[in-house]
Amino acid sequence: MSANAPPASLASFQRAFDLHRRRQRRQFWITALLLLAALALTAELANFFQVTQVTLPDGSRGERWLLGAGLPRLGDYVEKTIPQLGLSTLPQDLQHWFWRWQIWAELLLETVLIAFMATVLGVAGGFILSFPAARNLAPSGWVRWLTRRYLEIARTVPEIVFALIFVFCFGIGPLAGVMAIALHSTGSLGKLYSEANENIDMRPVEGVRAAGGTWFDQIRYGVVPQVLPNTLSYTLLRFEINVRSSSIIGYVGAGGLGEELRTAVSLQEYTDLSALFLIILATVFLIDWASEKLRHRIIGLEAI
Amino acid sequence: MQHPRIPDEKTVAALRKAHPAAFGPDPATRRRRALALALPAALFLWCLWDFDATPLRLWQGFGRLGEVLSFMLPPHVGFDLRELGEIARGLGETLSIAFLGTILGAMVALPLSFLGAGNINRLPLLRFGIRRGFDVIRSFETLILALIFIRAFGLGPLAGVLAIAVGEIGVLAKLYAEAIENISKKPVEGVTAAGGSRPQSIRFGVLPQVVPVLLSITLYNFESNVRSGTILGIVGAGGIGFLLSDRIKAFRWDEAWSIIILIIVMVFIVDWISGKLREHLIRGGADTKIE
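Residues numbered from 1 in each chain as written. Chains lettered and ligands numbered in written order. Predicted model: local features only at pLDDT ≥ 70, side-chain atom pairs only at ≥ 80, totals over all residues. Heavy atoms only, no water.

A.B. asks: Got a minute to help me understand the packing of aromatic side chains in this structure?
C.D. replies: Where two aromatic rings form a pair, the distance of their centres and the angle of their planes describe that pair. Residue and element names in this part refer to chain A. Here the structure, examined in full by the defined rule, presents 20 aromatic pairs over all chains. When the centroid spacing of 6.0 Å and the interplanar angle of 85 degrees are considered together, the rings of F127 and Y193 count as edge-to-face. Highlighted residues: F127 in helix α4 (residues 101–133) and Y193 in helix α7 (residues 174–198), separated in sequence by 66 residues. Here the aromatic cluster, defined as three or more aromatic residues joined through ring pairs, consists of F127, F131, Y193 and Y234. Between the NZ or CZ atom of R100 and the centre of the ring of W99, over which it lies, the distance is 5.4 Å. Directly above the aromatic system of Y251 lies the positively charged group of R262, at a separation of 4.6 Å from the ring centroid. (Phe/Tyr/Trp six-rings, centres within 6.5 Å; stacked < 30°, edge-to-face > 60°. Helix = DSSP H or I, 4+ residues; strand = E, 2+ residues; numbered from the N terminus. Lys NZ or Arg CZ within 6 Å of the ring centre and 35° of its normal.)

Okay, here's the thing in structure tokens:
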């Protein structure tokens, strides 16, 4: 053995290191191949490489990739939604652009009220169900199982599917929208609240139980004071989300601005679309901003 | 033994009866609490009236809901082969739309997120502009985007893919930027101290820290996009939603419930697999730190 040969421990380290590197490289390539296969399969299923017939500038028909062929059409469409505004005729132009503003204002109010009612109902349902759904508070195993499955189903099915069903049951109008969004909110809020319930300090609850409190006493005096700030914060966030949902839920006839969106799209009232979009954008921004302020105040109060 | 200065229970009860307002919170707090309860309650009642939620209408509505729900049991399984093929293709399309949309969105969001992260992009004005851009993109509802894309690309899943991809750019870029801002500065300083350039400090100092987090965020968004992918079909942008809304509009409730149950099962499976993968990613990150 020569003097400058590496010692045995170093050689074994080298071997182990090489093996580790080889394994890592293999894992990387396997993952990359799987991902590529998934991409190819999904691209095929989603018509990503679909070819379509287009009329070329010289009048002949040709085959083009759908994505490439559609992009100029998308540009045209967006361009058409931009209204013509002149500086000198601004008031008339604005009036022309927002020509249905009275109806839109009414529907906007309806949209916000749908979100409000749905949030109130969703909070009530989610708050009540969050206690039997929490691991540390559920009165019994099967009650927890049942509550959790109910909450899961309520938040997995999208609002708009519930809306389709409720429009049949309660008729066209905002009531169906309220029910649909409330049901979906119950599911997501119930989950968030129950997670907050699982993270509480159990000592106050044990204190109430030791003093002879029933299950309801334990919840009311042991749990609720601990989770209330968290609950309020989640509720405001949910209200923001619900305003977004209620602005499109009218698409299936469940009240709010979505109905106007649908008519604007199908009657090709391009500038109406941009006007409606601006209205929704401004409302959502305003509500996000106000609710963030409120949330910070609540959290600030908690810190004191 | 009763302390002489502490009144006994009977005296307290008598005092409470004589001066009810002296027990409990002060009048200002009481007024505030009453107002905080009364205002939403009044608004709620007004909404009930405005939305015409009369007891009769509610009663009839819940009655019809009960009828609709009764079609859930026994579940409808008698789909013929063609229908089964359609449903399988619809579910596959929904998954494909969510997968492709998330990946395309992530590919655009990744470079943008570096521009939006405070510790990478040192120009506050540019960063502010880019962040507001994320906000504007996020405020587009997926369904509205789908409606617009259908006009350009025709009915079909491609419009759905693009709707999810565009919406996802705003969401993912924001979440990525926040993840990049939350990294530890030490590896970055180490690379700089060893003479590394700025691109090198990003490649060897920032990327190894954020990649597991970014992948985990992407997987989580993929889960949520599978849910949104189920409704795109209602406006004609591909996926299972078209079959579902078709059944509901034709009042074929038994078939509709079967499709809803299939959607729920699919979402659960996707959530479960993606949850396992995320766990693995985060644990894998911890392993490399120990080495």
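A.B. asks: What is the right way to read the side chain of A:T231 from this model?
C.D. replies: Within the fold, A:T231 resides in helix α9 (residues 215–248). A polar side-chain atom of A:T231 sits 2.7 Å from the main-chain carbonyl oxygen of A:V227. (Polar contact = N/O pair within 3.5 Å; in protein donor to acceptor, adjacent residues only side chain to side chain.)

A.B. asks: Teacher, can you tell me more about a positive patch on the surface here?
C.D. replies: Residue and element names in this part refer to chain A. Taken together, R21, R22, R23, R25 and R26 make up a surface patch of like positive charges. Note on placement: R23 falls in helix α1 (residues 8–45). The class of R23 is partly exposed, set by a relative accessible area of 47%. (Patch = residues over 30% accessible without salt bridge, like charges linked within 9 Å, V, L, I, M, F, W, Y side chains within 5 Å. Areas by Shrake-Rupley, 256 points an atom, 1.4 Å probe, with all protein chains shown as cover. Salt bridge = Lys/Arg side-chain N within 4 Å of Asp/Glu carboxyl O. Lys, Arg positive; Asp, Glu negative; His and termini not counted. Charge placed at Lys NZ, Arg CZ, Asp CG, Glu CD. Buried < 20%, exposed > 50% of the residue type's maximum accessible area, 1.4 Å probe, protein only.)

A.B. asks: Please explain α1(A) as it appears in this structure.
C.D. replies: Structural remark: α-helix, 3.6 residues per turn; residues separated by three or four positions point the same way. The terminal C-alpha atoms of α1(A) lie 55 Å apart, and with 38 residues this matches the ideal 56 Å at 1.5 Å per residue to within 8%. Along α1(A), the positions that sit buried rather than exposed are A:T42, A:A43 and A:L45. Considering only its buried residues, α1(A) is in contact with α4 (81–116) and α7 (157–181) of chain B. Phi turns positive, to about 55 degrees, at A:N47, one or two residues after α1(A). (Expected span 1.5 Å × (residues − 1). Contact = heavy atoms within 4.5 Å.)

A.B. asks: How should I be thinking about the interface of chain B and chain A in this particular structure?
C.D. replies: Quoted interface sizes are often the accessible area lost when the parts come together. At the interface, 57 residues of chain B touch 56 residues of chain A. Counting each side, the surface lost to burial between chain B and chain A is near 5,400 Å², with a carbon and sulfur contribution of 81%. For the chain B face of the interface with chain A, the top three residues by lost area are B:F51, B:R151 and B:F153, together amounting to 13%. The tally of links between chain B and chain A comes to 4 residue pairs in polar contact (both at pLDDT 80 or more). (Buried area = accessible area lost by both parts, 1.4 Å probe.)

A.B. asks: Please clarify how the domain arrangement of chain A should be interpreted in this entry.
C.D. replies: Along its sequence, chain A is carved into domain 1 (12–67) and domain 2 (101–299). Between domain 1 of chain A and domain 2 of chain A, the C-alpha centre-to-centre distance is 39 Å. (Domains from an automatic or database assignment.)

A.B. asks: How do you make sense of the nonpolar core when you look at a structure like this?
C.D. replies: A general tendency of soluble globular proteins is for nonpolar side chains to be buried together. Residues A:V161 and A:I165 are the most contacted members of the largest nonpolar core, which totals 103 residues. Each of domain 1 (12–67) and domain 2 (101–299) of chain A contributes no fewer than three residues to this core. Setting aside anything within four residues of it in sequence, one finds A:I165 in contact with B:L65, B:V68, B:I248, B:W253, B:W257 and B:I260. In this structure, B:A109, B:F114, B:I120 and B:L214 belong to the second largest nonpolar core, which totals 18 residues. (Core = buried A, V, L, I, M, F, W, Y, C linked by side-chain atoms within 4.5 Å.)

A.B. asks: Where do I start with helix α10 (residues 240–249) of chain B in this structure?
C.D. replies: Residues and elements named next belong to chain B. Of all 10 residues in α10, 7 are buried; the element is thus mostly enclosed. For α10, every residue scored as buried is listed here: I240, G241, L243, L244, S245, R247 and I248. One or two residues past the end of α10 sits F251, with phi positive at roughly 60 degrees.

A.B. asks: Sorry if this is basic, but what is going on with the packing of helix α8 (residues 186–193) of chain B against helix α9 (residues 198–232) of chain B here?
C.D. replies: When two helices pack together, their arrangement is given by the angle between their axes and by how far apart the axes lie. Residue and element names in this part refer to chain B. For the pair α8 and α9, interaxial distance at closest approach is 8 Å and the crossing angle is 155 degrees. If you check the angle between α8 and α9, you find them roughly antiparallel. In terms of crossing hand, the pair formed by α8 and α9 is right-handed. Contacts between α8 and α9 pair P187, V188, V191 and T192 from the former with Q200, S201, F204, G205, V206 and Q209 from the latter. (Axes fitted to C-alpha atoms, helices over the stretch in contact; angles between N-to-C directions. Parallel < 35°, antiparallel > 145°, perpendicular 65-115°, else oblique. Left-handed = near helix turned anticlockwise from the far one by under 90°.)

A.B. asks: Is there a simple way to think about the packing of α1(A) against α4(B) in this case?
C.D. replies: Two elements in contact, α1(A) and α4(B), have axes separated by 8 Å at closest approach and are oriented at 120 degrees. Classified by the angle their axes make, α1(A) and α4(B) are oblique. Helix-helix and strand crossings are classified by hand; for α1(A) and α4(B) the assignment is left-handed. In this structure, α1(A) uses A:L35, A:A38, A:L39, A:T42, A:A43 and A:L45 to contact α4(B), whose residues at the interface are B:R89, B:G92, B:E93, B:S96, B:F99, B:L100 and B:I103. Partitioned by chemical class, the residues of the contact of α1(A) with α4(B) number 8 nonpolar, 3 polar and 2 charged. (Nonpolar A, V, L, I, M, F, W, Y, C, P; charged D, E, K, R; others polar.)

A.B. asks: What is the right way to read the pairing of strand β2 (residues 61–65) of chain A from this model?
C.D. replies: Consecutive side chains of a regular strand alternate in pointing toward one face of the sheet and then the other. Residues and elements named next belong to chain A. Strand direction decides the pairing type here: strand β1 (residues 51–55) and β2, joined by 5 bridges, are antiparallel. Along β2, the bridge assignment pairs T55 with R61. Remark: 5 residues form the turn of the hairpin made by β1 and β2, two consecutive strands paired antiparallel; G59 in that turn has positive phi of roughly 95 degrees. (Pairing = 2+ DSSP bridges.)

A.B. asks: In this structure, what is going on with unusual backbone geometry? I would like to understand it.
C.D. replies: The phi torsion of most residues other than glycine is negative, and most of the peptide bonds are trans. Residue and element names in this part refer to chain B. One non-glycine residue, D52, lies in the positive phi region at around 60 degrees. By secondary structure assignment, the location of D52 is in the loop between α2 (27–50) and α3 (55–70). Although it is not a glycine, F251 adopts a positive phi angle of roughly 60 degrees. Among the secondary structure elements, F251 is positioned in the loop between α10 and α11 (253–290).

A.B. asks: Even after reading the chapter, I still don't get the pattern of salt bridges, so can you show me in this structure?
C.D. replies: When the charged atoms of two side chains with opposite charge come close together, those side chains can pair. Evaluated as defined, the whole model comprises 22 salt bridges over all chains. The closest approach of N and O atoms between A:E159 and A:R238, which form a salt bridge, is 3.8 Å. Separated by 79 residues along the polypeptide, A:E159 in helix α6 (residues 159–170) and A:R238 in helix α9 bring together distant segments of the chain. For the pair A:E159 and A:R238, one class covers both residues: buried. Salt bridges sharing partners connect three or more residues here, namely B:E83, B:D246, B:R247, B:R252 and B:E255.

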